[in-house]
Amino acid sequence: IWAEPQPGKLSFAPIDPHIERLHAAGMNILSLLPSNPSTSWASEAPDSVPNRDWYRLAYAPKDPKLLFDFVGKAAAHYKGSVTSWEFLNEPLWVPDFCLPKAGGYTVDTYIALLKGAAAAIRAADPGAKIIGGLAIQSEIVFGDEFIKAGGLDSVDIFNLHPYAGTRIPETFIPDMERIRRVMDENGVRKPIWATEAAYYGIDAYPYL
């Protein structure tokens, strides 16, 4: 939405300073590309979906080639600066946010878009790592459907968002064992990265 607010008006100038400051801090960068699958002007969302927040951005683009073209240009622009790209944030399972089930989207929808995006990234930067999956909490077994449908063939790394809440770390062991078992049953093992996570802290009481 910031890089291409209007069709054909693409500029990475609003984003470059953020990449530069992370490099200045000595960080290796993992970036979402993109967080949502569309822009307001490219979205296939029906007119009933309001043009605010991320609601129209959550829908796939009318022409997926627009998404793949943007992804390829971004990967080319940041080649050497961004080493890992994660495709879409929490698709399907978070209501209304990214490829909402209410819009008719499925795991197969996500995988089809992932394949096109992965091809665009690899063409622009063969050395980049591609991260994908449903970025889901590890205990939610719906995330296993991505593995069963062959989604791991398009990624180098499988993502999870294991929010612990008040759980102790050891309670994640059965989840991880289940996920690894599903990988083995489908003949593909990939590394697993927790790309978003948090614990509540004692200073979180006002929030709670």
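The structure this text deals with has already been given above.
This write-up is about the structure you can find in this document. No experiment lies behind these values; they were computed from the predicted model shown. (Residues numbered from 1 in each chain as written. Predicted model: local features only at pLDDT ≥ 70, side-chain atom pairs only at ≥ 80, totals over all residues. Heavy atoms only, no water.)

## Examining unusual backbone geometry
At step 1: With an omega of -20°, the peptide bond running from Leu 33 to Pro 34 counts as cis.
At step 2: Relative to the helices and strands, Pro 34 resides in the loop between strand 1 (30-32) and helix 2 (64-77).
At step 3: The backbone of Asp 53 sits at a positive phi, close to 50°, despite the residue not being glycine.
At step 4: Topologically, Asp 53 is positioned in the loop between strand 1 and helix 2.
At step 5: The phi torsion at Leu 92 lies on the positive side, around 75°, for a residue other than glycine.
At step 6: Relative to the helices and strands, Leu 92 is located in the loop between strand 2 (84-86) and helix 3 (107-124). (Helix = DSSP H or I, 4+ residues; strand = E, 2+ residues; numbered from the N terminus.)

## Let's talk about the pairing of strand 4 (residues 157-160)
It is a general feature of regular strands that their side chains alternate between the two faces of the sheet.
At step 1: Of the two faces of strand 4, the one carrying Ile 157 and Asn 159 and the one carrying Phe 158 and Leu 160 are both buried.
At step 2: Inspection of the sheet shows strand 3 (residues 129-136) paired to strand 4 by three bridges, in the parallel sense. Across the sheet, Gly 132 pairs through a bridge with Phe 158, a residue of strand 4.
At step 3: Of the pairings in the sheet, the one linking strand 4 to strand 5 (residues 192-194) comprises three bridges and is parallel in character. Within strand 5, the residue paired with Leu 160 across the bridge is Ala 194.
At step 4: One crossover worth recording links strand 4 to the parallel strand 5 by way of helix 5 (residues 173-185), and it is right-handed. (Buried < 20%, exposed > 50% of the residue type's maximum accessible area, 1.4 Å probe, protein only. Pairing = 2+ DSSP bridges. Right-handed = clockwise from strand over helix to strand, strands pointing away.)

## A word on the layout of surface pockets
The rolling of a water-molecule-sized probe over the atoms marks out the regions of remaining empty space.
At step 1: Of the pockets and cavities examined, the largest pocket occupies roughly 840 Å³.
At step 2: Around the largest pocket, the lining is made up of 38 residues, and of these Ile 1, Ile 15, Pro 34, Ser 35 and Phe 70 lie nearest the centre.
At step 3: Of all the secondary-structure elements, those providing two or more residues to the lining of the largest pocket are helix 1 (16-24), strand 1 and helix 2.
At step 4: Counting residues per element, the lining of the largest pocket draws most heavily on helix 2, which supplies seven residues.
At step 5: When grouped by side-chain class, the residues that make up the lining of the largest pocket number 26 nonpolar, seven polar and five charged. (1 Å grid on protein atoms, 1.4 Å probe; cavity = no way out; pocket = protein on both sides within 12 Å on 5 of 7 lines; lining within 4 Å. Points joined across faces, edges and corners; volume = space filled by probe spheres on them. Nonpolar A, V, L, I, M, F, W, Y, C, P; charged D, E, K, R; others polar.)

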